[in-house]
Amino acid sequence: MRKGFLLLTAASVALASSLTACGDSSSDDGDSGSGSGSGSKPKIGVILPDSKSSPRWETADRKYLSEAFKAAGVEYDIQNAQNDKQEFQTIADQMITSGVNVLVIVNLDSGTGKAVLDKAKAQGVATIDYDRLTLGGSAQYYVSFDNVAVGKLQGEGLSKCLTDMKAKKPIIATLNGSPTDNNATLFAEGYNSVLDPKYKSGEYVKGPDQSVPDWDSAQANTIFEQMLTSQPRIGGVLAANDTLGNAAIAVLRKQNRNGDVPVTGQDAGVQGLQNILTGDQCMTVYKAVKKEADATARLAISLAKGEKGDTNATVEDPEGKRKVPSVLETPVAIYKENIQDVVDDGFVTKEELCKGKYAALCTQAGIK
Ligand code: BGC
């Protein structure tokens with residue numbers, strides 16, 4: 001884990017160890033070992049948000065970012081704030097003190113994200129908003145997916161599943177993501193643009209609609225239980241990610257209604273895909289995190305060298321009223337028929353997906 005430790009200069013060893021001492025077990029210091037230890041090498045700090053709202057942060061983002069930084073031969077430090085805003089700021093302070101040239105953050109909310117970005121900027125550290133835009137923030141770049149497109153795929157996905165089931169005037173429940181995550185707003189913009197016209201025309205009936213603080217699965221569970229009590233005839237669930245989808249599925253299972261009520265998701269993690277294999281979840285959205293991580297590493301390295309980075313989009317920050325140069329990747333809808341694409345991409349392995357009771361379902365679904 002502390003590979004290349006000996007190559008660091010004495011000063012950076014002291015800093016790196018103090019970082020490790022303060023950090024938790026999820027800290028991931030890396031050094032490609034290719035440098036001379038002169039200290040002129042770019043150093044990039046990344047703060048991930050938590051490890052519960054989605055498996056992606058620890059299983060995909062950490063892995064792909066580390067691989068990209070290693071391949072580029074830069075020093076890096078990836079830490080996880082574990083959904084603690086205080087810890088988020090502490091990690092940022094440590095990283096700035098340790099001399100990172102670039103700070104990459106996934107904010108826990110725009111307020112604390114902005115404080116960290118402004119502080120970094122004041123210290124001459126370049127900044128990148130990773131996955132979540134910090135509203136009113138000062139990040140130089142933003143790297144993410146087209147998040148309105150993610151939401152559209154969810155709305156269209158739910159509607160395809162309802163058509164396949166020949167549902168008549170289904171009542172739709174909506175579990176939105178965290179109200180403090182700008183992505184949740186964008187996802188909702190996307191799926192509501194598909195579903196609102198259907199409510200208007202009377203094809204679907206709008207049911208309960210609530211946001212889930214921190215994308216927390218326990219709260220999603222309670223919220224959905226209440227939804228189903230107040231409206232027992234819910235016939236479809238727009239869940240903004242696989243964690244929320246799984247919480248709704250758990251409630252439906254208790255009532256033996258799993259599989260009869262299509263549920264959406266996002267992130268294409270092992271559990272989400274397994275819920276699709278069992279038929280309890282209808283679809284998910286796959287976001288190739290490797291592309292997001294690679295684009296971030298490329299940008300971070302350009303910034304560390306004082307160069308401008310390559311972008312393919314401009315995103316408007318509605319609060320800060322500024323245009324943020326961005327890289328946006330494209331999301332893909334996943335149904336039982338194309339789970340194989342996620343395996344082929346190396347995002348999940350057949351071994352983890354098709355373990356135990358899922359082996360037969362994988363065979364049925366033709367997973368190779
Ligand atoms: C990300 C999703 C993730 C969610 C919860 C969002 O900002 O875009 O991929 O599921 O946060 O972690």
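Fair warning: this is a prediction, and the values are worked out from it, not measured in the lab. (Residues numbered from 1 in each chain as written. Predicted model: local features only at pLDDT ≥ 70, side-chain atom pairs only at ≥ 80, totals over all residues. Heavy atoms only, no water.)

**A few points about the packing of aromatic side chains**
Phase 1: Per the stated rule, a full pass over the model turns up three aromatic pairs.
Phase 2: Plain terms: the ring middles of Phe 187 and Trp 215 are 6.1 Å apart, the flat faces sit at 65 degrees to each other, and that makes the pair edge-to-face. Of this pair, Phe 187 sits in helix α6 (residues 182-201) while Trp 215 is found in the loop between β8 (205-211) and α7 (217-230), placing the two residues 28 residues apart along the sequence.
Phase 3: Looking at Phe 187, the relative accessible area reads 3%, which means it is buried.
Phase 4: Judged by its relative accessible area of 5%, Trp 215 is buried.
Phase 5: Seen from their ring centres, Tyr 286 and Phe 347 are 5.0 Å apart, and the 65 degrees between their planes marks the pair as edge-to-face. With Tyr 286 in strand β10 (residues 284-286) and Phe 347 in the loop between α11 (339-344) and α12 (350-353), this residue pair connects regions lying 61 residues apart in the sequence. (Phe/Tyr/Trp six-rings, centres within 6.5 Å; stacked < 30°, edge-to-face > 60°. Helix = DSSP H or I, 4+ residues; strand = E, 2+ residues; numbered from the N terminus. Buried < 20%, exposed > 50% of the residue type's maximum accessible area, 1.4 Å probe, protein only.)

**As for the pattern of salt bridges**
Phase 1: Applying the stated criterion to the full structure yields 15 salt bridges.
Phase 2: With its nearest N and O atoms 3.3 Å apart, the salt bridge here joins Arg 56 to Asp 131. Here the residue Arg 56 occupies a position in helix α2 (residues 56-72), and Asp 131 occupies one in the loop between β5 (126-130) and β6 (141-145), the gap between them amounting to 75 residues. No difference in accessibility class separates Arg 56 from Asp 131, as the two residues are buried.
Phase 3: Residue Asp 209 is joined to Lys 206 by a salt bridge in which the shortest nitrogen-to-oxygen separation is 2.7 Å. (Salt bridge = Lys/Arg side-chain N within 4 Å of Asp/Glu carboxyl O.)

**Section: the sheet that holds strand β7 (residues 171-176)**
Phase 1: Pairing is parallel across the open sheet formed by three strands, whose spatial order is β8-β7-β9. Two strands in the sheet have a free side with no partner beyond their single neighbour: β8 and β9 (234-239). For this sheet, the mean angle separating the axes of adjacent strands, direction not counted, is 20 degrees.
Phase 2: Pairing geometry for β7 and β8, over five bridges, is parallel. (Pairing = 2+ DSSP bridges. Axes fitted to C-alpha atoms, helices over the stretch in contact; angles between N-to-C directions.)

**Brief notes about the state of the cysteines**
Phase 1: Taken as a whole and assessed by the stated rule, the structure comprises two disulfides.
Phase 2: Note on cysteine connectivity: Cys 161 is disulfide-linked to Cys 282, with sulfurs 1.5 Å apart. One disulfide, between Cys 161 and Cys 282, carries an S-S torsion of -70 degrees and so falls in the left-handed class. With Cys 161 in helix α5 (residues 147-164) and Cys 282 in the loop between α9 (270-278) and β10, the pair connects residues that are 121 residues apart, well separated along the chain.
Phase 3: Paired through a disulfide, Cys 354 and Cys 362 show a sulfur-sulfur distance of 2.1 Å. Taking the sign of the S-S torsion, -85 degrees for the link of Cys 354 and Cys 362, the bridge is left-handed. Side by side, Cys 354 and Cys 362 carry an identical accessibility label, which is buried.
Phase 4: The cystine pairing of the protein chain, numbering bonded cysteines in sequence order, is 1-2, 3-4. (Disulfide = S-S within 2.5 Å.)

**Describing the site of the ligand**
Phase 1: In the vicinity of the ligand there are 14 residues, among which Ser 53, Asp 131, Arg 132, Asp 181 and Asp 267 approach most closely.
Phase 2: Contact distances for the ligand include 3.0 Å between an oxygen atom and a side-chain N or O atom of Asn 183.
Phase 3: Measuring from an oxygen atom of the ligand, one finds a side-chain N or O atom of Asp 267 at 2.5 Å.
Phase 4: In the complex, the protein chains occlude 100% of the 310 Å² of accessible area that the ligand would expose alone.
Phase 5: Among the secondary structure elements, those contributing two or more residues to the shell around the ligand are α2 and α6.
Phase 6: Among the residues making up the shell around the ligand, the classes are represented as three nonpolar, five polar and six charged. (Near = heavy atom within 4 Å. Polar contact = N/O pair within 3.5 Å; in protein donor to acceptor, adjacent residues only side chain to side chain. Areas by Shrake-Rupley, 256 points an atom, 1.4 Å probe, with all protein chains shown as cover. Nonpolar A, V, L, I, M, F, W, Y, C, P; charged D, E, K, R; others polar.)

**Topic: the packing of helix α8 (residues 242-254) against α9**
Phase 1: In the contact formed by α8 and α9, the axes pass within 9 Å of each other and the chain directions differ by 45 degrees. Overall, the two elements α8 and α9 adopt an arrangement that is oblique. Crossing of α8 over α9 shows left-handed handedness. Taking contact as the criterion, the partners of Asp 242, Asn 246, Ile 249 and Arg 253 in α8 are, on α9, Gln 271, Gly 272 and Asn 275.
Phase 2: Grouping the constituent residues of the contact of α8 with α9 by class yields one nonpolar, four polar and two charged. (Parallel < 35°, antiparallel > 145°, perpendicular 65-115°, else oblique. Left-handed = near helix turned anticlockwise from the far one by under 90°. Contact = heavy atoms within 4.5 Å.)

**Thoughts on helix α10 (residues 289-304)**
Phase 1: For α10, built from 16 residues, the straight-helix expectation of 22 Å at 1.5 Å per residue is met to within 8% by its first-to-last C-alpha distance of 22 Å.
Phase 2: When we look at burial in α10, the residues that qualify are Val 289, Glu 292, Ala 293, Ala 295, Thr 296, Ala 297, Leu 299, Ala 300, Ile 301, Ser 302 and Leu 303.
Phase 3: The inward-facing, buried residues of α10 contact β2 (43-48), α2, β4 (102-105), β5, β6 and β12 (322-329).
Phase 4: Two residues or fewer past α10, Gly 306 is found with a positive phi of approximately 80 degrees. (Expected span 1.5 Å × (residues − 1).)

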